[in-house]
Amino acid sequence: MADTERDEIARVAVLGCGTLGASWAALFLAHGLDVAAYDPTPGFAERTAGAIAEARAQLAELGLRGQGMLRFHDRLAAALAGADFVQENAPENEAVKRALLAEVDGLLPPAILVASSTSAMLRSAIVADCARPERVLVAHPFHPPHLVPLVEIVAATPEVASRAASFYGRLGRRPVILNREMPGHIANRLASALYREAVNLVAEGVASVADIDAALCNGPGLRWAAMGPHMTYHLGGGEGGIRHYLDHLGPSQVRRWASLGAPDLTEDVKDRIVAGIAAEAGGRSVQALAARRDAALIAILGARIEVAGEAE
């Protein structure tokens, strides 16, 4: 496979087939790639097959109907045999990931990339036991990865980052490359900062959980689906753009930053959030809410334009 300009990836080994692994597998299959699925959990194949089928039906609504071949394996070596790329989705446990990645590294030819879906762990920690750590990268998706385009890449070298970004780009993903590793990468840090203030607004009794959620998804959330915070404020600066905004309205941002809260998750605060979620959910199950979320994502993806994206 070792063409650094364009890796001809035809078979992907998906290691760890929980919700995340099944979603990745569906995406690969829908783009015509063969998938070798491995999970040490007894009886995983039936559960995973059902989840993959549901995700593939959603992808078909987006016009992705590739017919990659799916095989299940209960031995790691069998799943890795002939793989051109590896997507690892083991639990967020450093010891587990370190051991698995070291074993995978020892079983594969040197040119094969191994991508970890870790959401918060540092790449330098999880590759510590690998003989060839340079070929192991972080490729963190946002859930569910078959619908949400983002993939955050942390790699040892620009060449590895470029190869991985090219692969994910061919699958309709939007890769972003970190210049250096950071706990939580980019998106989870942004989401955590936002959620901290959402919890603070509950803790201070400013508004209900439902109204806080509504304020976000009916306000800035709509704009954020099209452009990020920097570009949003660039437009907020009018003809002068971001320079005008920072020079003239930046001080008001600093004042708001100073007023943001740092809430504790006390039992009282947790109880109020749980009660608020129950009221907002209106009796709908987690599964029903997830189905509504996925339907909304499919509709948004069908209409979405990334304002600052590449020109057509």
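Refer to the preceding data block for the structure.
Here is what the cut-offs are and how they apply
Residues numbered from 1 in each chain as written. Predicted model: local features only at pLDDT ≥ 70, side-chain atom pairs only at ≥ 80, totals over all residues. Heavy atoms only, no water. Pairing = 2+ DSSP bridges. Helix = DSSP H or I, 4+ residues; strand = E, 2+ residues; numbered from the N terminus. Axes fitted to C-alpha atoms, helices over the stretch in contact; angles between N-to-C directions. Contact = heavy atoms within 4.5 Å. Core = buried A, V, L, I, M, F, W, Y, C linked by side-chain atoms within 4.5 Å. Buried < 20%, exposed > 50% of the residue type's maximum accessible area, 1.4 Å probe, protein only. Parallel < 35°, antiparallel > 145°, perpendicular 65-115°, else oblique. Salt bridge = Lys/Arg side-chain N within 4 Å of Asp/Glu carboxyl O. Phe/Tyr/Trp six-rings, centres within 6.5 Å; stacked < 30°, edge-to-face > 60°.

### Quick notes on the sheet that holds strand β7 (residues 150-154)
The pairing of strands in a sheet happens through backbone hydrogen bonds and is either parallel or antiparallel.
Working step 1: Across the sheet, which stays open at both edges, the eight strands sit in the order β3-β2-β1-β4-β5-β6-β7-β8 with mixed pairing between neighbours. Two strands bound the open sheet, and with one partner strand each, they are β3 (70-73) and β8 (174-177). In this sheet, neighbouring strand axes are inclined to one another by 25° on average, regardless of whether the strands run parallel or antiparallel.
Working step 2: Relative to β3, strand β2 (residues 34-38) runs parallel, the two being bridged by four bridges. The partner of Ala-36 across the bridge, within β3, is Arg-71.
Working step 3: Across the sheet, helix α6 (residues 158-170) touches β1 (11-15), β4 (85-88), β5 (113-116), β6 (136-141), β7 and β8, and the angle it forms with β7 is around 165°.

### Some thoughts on the nonpolar core
Working step 1: Grouped together as the largest cluster of nonpolar side chains are 33 residues, with contacts concentrated most on Val-12, Phe-28, Phe-85, Leu-137, Ile-153, Phe-167 and Tyr-168.
Working step 2: Of all the secondary structure elements, the ones that give two or more residues to this core are β1, α1 (19-30), β2, α2 (44-61), β5, β6, β7 and α6.
Working step 3: Of all the elements, α1 adds the most residues to this core, at eight residues.
Working step 4: The residues touching Phe-85, leaving out its near neighbours within four places in the chain, are Ile-9, Arg-11, Val-12, Ala-13, Ile-112, Leu-113, Ala-115, Phe-167 and Tyr-168.
Working step 5: Counting residues in hydrophobic clusters, the runner-up holds 24 residues, among them Ala-36, Ala-83, Ile-126 and Val-136.

### Comments concerning the pairing of β7
Working step 1: In terms of residue burial, β7 counts as a mostly covered element, since four of its five residues are buried.
Working step 2: Direction of pairing for β6 relative to β7: antiparallel, over a ladder of four bridges. Its bridge partner lying in β7, Ala-139 is registered against Ile-153.
Working step 3: Strand direction decides the pairing type here: β7 and β8, joined by four bridges, are parallel. Looking at the pairing, Leu-150 lines up with Arg-174 of β8.

### With respect to the packing of helix α11 (residues 241-248) against helix α12 (residues 250-259)
Working step 1: At a minimum axis distance of 4 Å, the contact between α11 and α12 shows a crossing angle of 60°. Of the possible angle classes, the one that applies to α11 and α12 is oblique. Only Gly-250, Pro-251, Gln-253 and Arg-256 of α12 make contact with α11, whose side of the interface consists of Tyr-245, Leu-246, Asp-247 and His-248.

### Points about the pattern of salt bridges
Working step 1: In this structure the tally under the stated criterion is eleven salt bridges.
Working step 2: Between Arg-98 and Glu-94 there is a salt bridge whose closest N-O contact spans 3.6 Å. In this pair, Arg-98 and Glu-94 both sit in helix α4 (residues 94-107), four residues apart, roughly one turn of the helix.
Working step 3: The network of salt bridges with shared partners includes Glu-88, Glu-92 and Lys-97.

### Focus: the packing of aromatic side chains
Working step 1: Tallied over the entire structure, the rule returns eight aromatic pairs.
Working step 2: Between Phe-85 and Phe-167, the ring centres sit 4.4 Å apart and the planes meet at 40°, which makes this aromatic pair tilted. A residue pair is termed long-range when its members are at least 10 positions apart, and Phe-85 in strand β4 and Phe-167 in helix α6 qualify at 82 residues.
Working step 3: We classify Phe-167 as buried; its relative accessible area is 3%.
Working step 4: Put simply, the rings of Trp-24, Phe-28, Phe-85, Phe-167 and Tyr-168 touch in pairs and so form one group of aromatic residues.

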